[in-house]
Amino acid sequence: MSTTFVPPTTPLPVRQPRTLPIEVRVASPRRQLPEGELGFGRVFAEHMFSMEWTPDGWRDAKVQPYGPLSLDPAAAVLHYGQELFEGFKAYRGHDGVVRTYRLSRHCRRLAEGAARLCMPAPDPDFFEEAVRTLLRVDRDWVPSAPGTSLYVRPTLIACEPFLGVRPAEKYLFFIISSPVGAYYAEGLNPVRIWVEKKQVRAPRNGLGAVKAGANYAAGLQAAYAAKQRGYAQVLWLDANEHKYLEEVGTMNVFVRIDDELVTPPLEGSILAGVTRDSVLALAREWGLKVSERAISIDEVQAAHARGALREMFGSGTAAVISPIGELGFGDTQLAINGGRIGEWSQRFYDELTGIQYGRRPDPFGWTRALD
Ligand code: COI
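In this report, the structure presented in the accompanying data block is examined. This structure is a prediction, so every number in the text was calculated from the model and none was measured.

So, how was this worked out
Residues numbered from 1 in each chain as written. Predicted model: local features only at pLDDT ≥ 70, side-chain atom pairs only at ≥ 80, totals over all residues. Heavy atoms only, no water. Near = heavy atom within 4 Å. Polar contact = N/O pair within 3.5 Å; in protein donor to acceptor, adjacent residues only side chain to side chain. Areas by Shrake-Rupley, 256 points an atom, 1.4 Å probe, with all protein chains shown as cover. Nonpolar A, V, L, I, M, F, W, Y, C, P; charged D, E, K, R; others polar. Domains from an automatic or database assignment. Helix = DSSP H or I, 4+ residues; strand = E, 2+ residues; numbered from the N terminus. Core = buried A, V, L, I, M, F, W, Y, C linked by side-chain atoms within 4.5 Å. Buried < 20%, exposed > 50% of the residue type's maximum accessible area, 1.4 Å probe, protein only. Contact = heavy atoms within 4.5 Å. Pairing = 2+ DSSP bridges. Right-handed = clockwise from strand over helix to strand, strands pointing away.

1. Some words on the site of the ligand
Close to the ligand lie Phe-40, Tyr-151, Arg-153, Tyr-183, Lys-211, Tyr-216, Thr-250, Gly-316, Thr-317 and Ala-318. Lys-211 is positioned such that a nitrogen or oxygen atom in its side chain is 2.8 Å from an oxygen atom of the ligand. The separation between an oxygen atom of the ligand and a polar main-chain atom of Ala-318 is 2.9 Å. Look at the ligand: alone it shows 290 Å² of surface, and the protein chains cover 90% of it. Here the residues of the shell around the ligand are counted per class, giving 5 nonpolar, 3 polar and 2 charged. Among the domains, domain 1 (23-180) and domain 2 (191-356) are the pair contributing at least three residues each to the shell around the ligand.

2. Remarks on the environment of Asp-331
Considering the arrangement of structural elements, one finds Asp-331 in the loop between strand 16 (320-329) and strand 17 (332-335). Here the alpha-carbon distance between Asp-331 and Cys-159, two residues 172 residues apart in the chain, equals 47 Å.

3. Some remarks on the nonpolar core
Residues Phe-49, Met-51, Leu-84, Phe-127, Phe-173 and Ile-175 are the most contacted members of the largest nonpolar core, which totals 39 residues. Elements represented by at least two residues in this core include exactly strand 2 (47-54), strand 3 (57-65), strand 5 (88-92), helix 2 (103-116), helix 3 (124-137), strand 7 (149-158) and strand 8 (171-180). Per element, the largest residue contribution to this core is 6 residues, and it comes from helix 3. Those residues in contact with Phe-127, other than ones at most four positions away along the chain, are Phe-88, His-106, Cys-107, Leu-110, Pro-122, Pro-154, Phe-173 and Ile-175. Residues Ala-232, Met-251, Ile-257 and Val-300 belong to the second largest nonpolar core, which totals 27 residues.

4. Concerning the pairing of strand 9 (residues 191-196)
Counting buried positions along strand 9 gives 5 out of 6 residues, so the element sits mostly inside the fold. As defined by bridge partners, strand 9 adjoins strand 16 across 4 bridges and the pair is classed as parallel. Within strand 16, the residue paired with Ile-193 across the bridge is Leu-327. The pairing of strand 9 with strand 10 (residues 233-237) spans 4 bridges and is classified as parallel. Each bridged residue has a counterpart across the sheet, and for Ile-193 the counterpart in strand 10 is Gln-233. Regarding the hand of the β-α-β motif, the stretch spanning strand 9, helix 4 (residues 213-228) and strand 10 is right-handed.

By themselves these figures say nothing about function.
Quick look at the structure:
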């Protein structure tokens with residue numbers, strides 16, 4: 001388990017100007033949802049960005065009122081799932097400033113992922129400018145209640161009407177956004193996680209390393225079954241041996257054994273999470289012992305048996321840090337840290353959200369204020 005995953009380059013001709021003019025058509029304002037009622041991803045801000053791709057390149061970049069897409073029923077995305085998305089947030093601080101968090105990294109990740117799905121990627125700098133243009137128009141949709149933010153969802157889809165199986169020759173890239181509260185009803189409270197030993201999220205060198213909708217579809221059935229058993233999500237194990245930890249639900253996973261922080265390495269089945277990378281950077285900065293290495297479920301159980309499994313958590317944009325309070329395996333349950341939030345989980349959460357909301361210094365330059 002030691003090769004580095006390098007996405008193949010796209011075979012598509014990518015003739016794209018770095019920038020395009022962005023036409024802005026503003027809607028008349030609608031009522032906003034009271035911030036106290038925000039869940040996750042149910043309400044959408046007033047505008048969306050979109051642009052189209054044909055073999056001549058990208059065109060028709062615009063910000064316009066949010067609304068339904070007009071898609072041919074034969075569009076390739078509807079049949080073969082040629083789709084990729086991103087997810088990141090804009091945060092309003094106490095100072096009223098709206099900040100993006102590691103936006104350029106998300107823009108680059110979409111470009112890298114597009115190659116794996118044979119899709120043309122928007123230029124990352126232009127992508128970033130498109131996000132900023134949209135955010136400036138919908139600035140008032142960035143909520144200010146504690147723990148809320150504006151979740152931004154860029155999506156790239158194949159829309160050529162053609163039923164043959166090959167990379168499409170027509171694409172739509174759009175960006176919508178949604179004011180959100182907590183992703184899990186539990187918030188930062190520890191969740192119960194089912195160890196999934198049958199189904200897998202993604203095999204090595206499949207789509208698992210890229211943010212393709214297909215990965216999330218693959219996870220639905222096991223997550224649903226776990227919910228029926230009273231668990232919030234599943235712990236995914238590797239597709240070959242059903243032994244090594246991969247991800248937890250839709251998040252990267254971290255385990256603290258004694259004073260070592262362990263997370264599985266990126267070897268072609270796990271998404272290179274931006275929050276994962278942030279946790280690793282902070283842990284190294286704080287001088288913690290950090291290992292990106294394979295970790296088996298047997299090792300986790302053995303560590304628990306000798307009292308060394310100190311904490312476990314998921315990391316992702318939506319929930320930031322989600323502590324795991326219990327692992328369930330059929331008849332056996334392992335309580336982690338007495339079902340309480342671990343010391344490091346809390347520290348990462350406080351530091352990351354402190355940076356995101358502008359309450360703490362940002363030594364890595366991860367945030368950028370919206371002008
Ligand atoms: C995240 O943790 O940010 C995710 O990937 C969840 C998202 C698909 C809703």
